[in-house]
Amino acid sequence: QVQLVESGGGLVQPGGSLTLSCTASGRTVTSYALVAWFRQPQGKEREFVGTLRRGLNTKYYADSVKGRFTISKDNAKNTVFLQMNDLKPEDTAVYYCAVRNNDLILSALRDGRHYDYWGQGTQVTVSS
């Protein structure tokens, strides 16, 4: 079985920065066709944050985080990161790492229903 583990969540003040990490057991997380980040604010639906597309070496971000969040990877450490800068209270949510074995067309990569494995989530709280 594949296990995804997120870490790095916590409490941060508005305008601050935080980096989340995602690693996988069973195989290297960086080998998946798609590695994505989703988030779910309390009482709201899950929403797409961004994804790393291995085959085309491209990244896609939700408009709400574009320019502030960055997805990166470290193959040697078997880790995918979500660097979050200029955090806002609206960023408060449980953040999830998700992976998919095969690629998706652009119109589908924002849909969490297509992803194969999910982590347990890590809480990010942005508050003064």
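Refer to the structure presented above.
Residues numbered from 1 in each chain as written. Predicted model: local features only at pLDDT ≥ 70, side-chain atom pairs only at ≥ 80, totals over all residues. Heavy atoms only, no water.

### A look at a positive patch on the surface
A contiguous patch of positive charge on the surface is contributed by Arg27, Arg54, Lys59 and Lys73. Residue placement: Lys59 occurs in strand S6 (residues 58-61). When its relative accessible area of 39% is taken as the criterion, Lys59 is described as partly exposed. (Patch = residues over 30% accessible without salt bridge, like charges linked within 9 Å, V, L, I, M, F, W, Y side chains within 5 Å. Areas by Shrake-Rupley, 256 points an atom, 1.4 Å probe, with all protein chains shown as cover. Salt bridge = Lys/Arg side-chain N within 4 Å of Asp/Glu carboxyl O. Lys, Arg positive; Asp, Glu negative; His and termini not counted. Charge placed at Lys NZ, Arg CZ, Asp CG, Glu CD. Helix = DSSP H or I, 4+ residues; strand = E, 2+ residues; numbered from the N terminus. Buried < 20%, exposed > 50% of the residue type's maximum accessible area, 1.4 Å probe, protein only.)

### Re the state of the cysteines
Going through the model one piece at a time under the given rule, you end up with one disulfide. One disulfide in the model links Cys22 with Cys97; its S-S distance is 2.0 Å. Between Cys22 and Cys97, the S-S torsion sits near -75 degrees, and that sign places the bridge as left-handed. A residue pair is termed long-range when its members are at least 10 positions apart, and Cys22 in strand S3 (residues 18-25) and Cys97 in strand S9 (residues 93-100) qualify at 75 residues. Residue class for Cys97 comes out buried when judged on its relative accessible area of 0%. (Disulfide = S-S within 2.5 Å.)

### Here's the deal with the nonpolar core
In this structure, Trp37, Leu82, Met84 and Tyr95 are the most contacted members of the largest nonpolar core, which totals 36 residues. Looking at this core, the elements that each hand over two or more residues are S3, strand S4 (34-40), strand S5 (47-53), strand S7 (69-74), strand S8 (79-84), S9 and strand S11 (122-126). Other than its neighbours up to four places away in sequence, Leu82 contacts Leu18, Thr19, Leu20, Trp37, Val49, Phe69, Thr70, Ile71 and Tyr95. (Core = buried A, V, L, I, M, F, W, Y, C linked by side-chain atoms within 4.5 Å. Contact = heavy atoms within 4.5 Å.)

### A short note on the packing of aromatic side chains
Applying the stated criterion across every chain yields a total of five aromatic pairs. Centre to centre, the rings of Phe38 and Phe48 are 5.7 Å apart; their planes meet at 75 degrees, and the pair counts as edge-to-face. One end of the pair, Phe38, is in strand S4; the other, Phe48, is in strand S5, with 10 residues separating them in the sequence. Aromatic side chains Tyr96 and Trp118 sit 6.4 Å apart centroid to centroid with 75 degrees between the ring planes, which places their arrangement in the edge-to-face category. Remark: Trp118 occurs in strand S10 (residues 117-118) and Tyr96 occurs in strand S9; sequence separation between them is 22 residues. Since its relative accessible area comes to 19%, Tyr96 is described here as buried. In this structure Trp118 comes out as partly exposed when scored by relative accessible area, which is 28%. Put simply, the rings of Phe38, Phe48, Tyr96, Tyr115 and Trp118 pair up and form one aromatic cluster. Between the NZ or CZ atom of Arg46 and the centre of the ring of Phe38, over which it lies, the distance is 5.7 Å. (Phe/Tyr/Trp six-rings, centres within 6.5 Å; stacked < 30°, edge-to-face > 60°. Lys NZ or Arg CZ within 6 Å of the ring centre and 35° of its normal.)

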